[in-house]
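# Commentary on secondary and tertiary structure
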Amino acid sequence: MAEITRDDVAHLAQLARIEMSEAELDKMAGELAHIVDAVKSVSEAAGPDVPATSHPIPLSNVFREDVVGHVLTPAEALSGAPDSDEDRFRVPAILDEE
């Protein structure tokens, strides 16, 4: 098991400005040791002959084909608009144009 001491945890807690009780320091030292061992075992499994992967299974394009469907005419699109101007929606100005 990795050597993570109670003093190491206390030092890390101080750097992170985390207040920990004596019991929490003891418990965290054991937990961090297990985490370090787990990371070490994963690092040993991936050797130079194992290619790096971003996904555990290969991905393929999951998008559907782009098919043009019913398209609204400008008059249909603007039929519910409160105000329009030359086939465009008219909206209130939000910037001062001086």
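Residues numbered from 1 in each chain as written. Predicted model: local features only at pLDDT ≥ 70, side-chain atom pairs only at ≥ 80, totals over all residues. Heavy atoms only, no water.

## Focus: the overall build of the protein
- The number of helices and strands found in the protein is 3 helices and 0 strands.
- Going residue by residue from the N terminus, the α and β elements of the protein occur as α-α-α.
- For 98 residues, the compact-globule estimate of 2.2 N^0.38 gives 13 Å, and the protein exceeds it by more than 25% at 31 Å.
- Seen through its C-alpha atoms, the protein measures out along the principal axes to roughly 75 × 45 × 25 Å. (Helix = DSSP H or I, 4+ residues; strand = E, 2+ residues; numbered from the N terminus. Rg over C-alpha atoms; globule rule 2.2 N^0.38 Å.)

## Some details on the confidence of the model for the protein
- Model confidence for the protein is summarised by a mean pLDDT of 86, while 97% of its residues fall at 70 or above.
- The weakest mean pLDDT in the protein belongs to helix 2 (residues 22-45) at 88; the strongest belongs to helix 1 (residues 6-15) at 93. (pLDDT = per-residue confidence, 0-100.)

## Brief notes about the pattern of salt bridges
- In this structure the tally under the stated criterion is 5 salt bridges.
- For Glu31, the salt bridge goes to Lys27, with nearest N and O atoms at 3.9 Å. Of this pair, Glu31 and Lys27 both sit in helix 2, 4 residues apart, which is roughly one turn of that helix.
- Accessibility expressed as a relative area gives 34% for Glu31, which makes it partly exposed.
- The exposed category is assigned to Lys27, whose relative accessible area is 56%.
- Notably, a salt bridge pairs Asp83 with Arg90, separated by 3.8 Å at the nearest N-O pair.
- The class of Arg90 is partly exposed, set by a relative accessible area of 44%.
- What emerges from the salt-bridge pattern is a single network uniting Arg6, Glu22 and Asp26. (Salt bridge = Lys/Arg side-chain N within 4 Å of Asp/Glu carboxyl O. Buried < 20%, exposed > 50% of the residue type's maximum accessible area, 1.4 Å probe, protein only.)

## Observations regarding the packing of helix 1 against helix 2
- In contact at an axis separation of 8 Å, helix 1 and helix 2 are set at 105° when each is read in the N-to-C sense. One element, helix 1, and the other, helix 2, form an angle in the roughly perpendicular class. Facing helix 1, whose interface residues are Arg6, Val9 and Ala10, helix 2 presents Glu22, Leu25, Asp26, Met28, Ala29 and Leu32. (Axes fitted to C-alpha atoms, helices over the stretch in contact; angles between N-to-C directions. Parallel < 35°, antiparallel > 145°, perpendicular 65-115°, else oblique. Contact = heavy atoms within 4.5 Å.)

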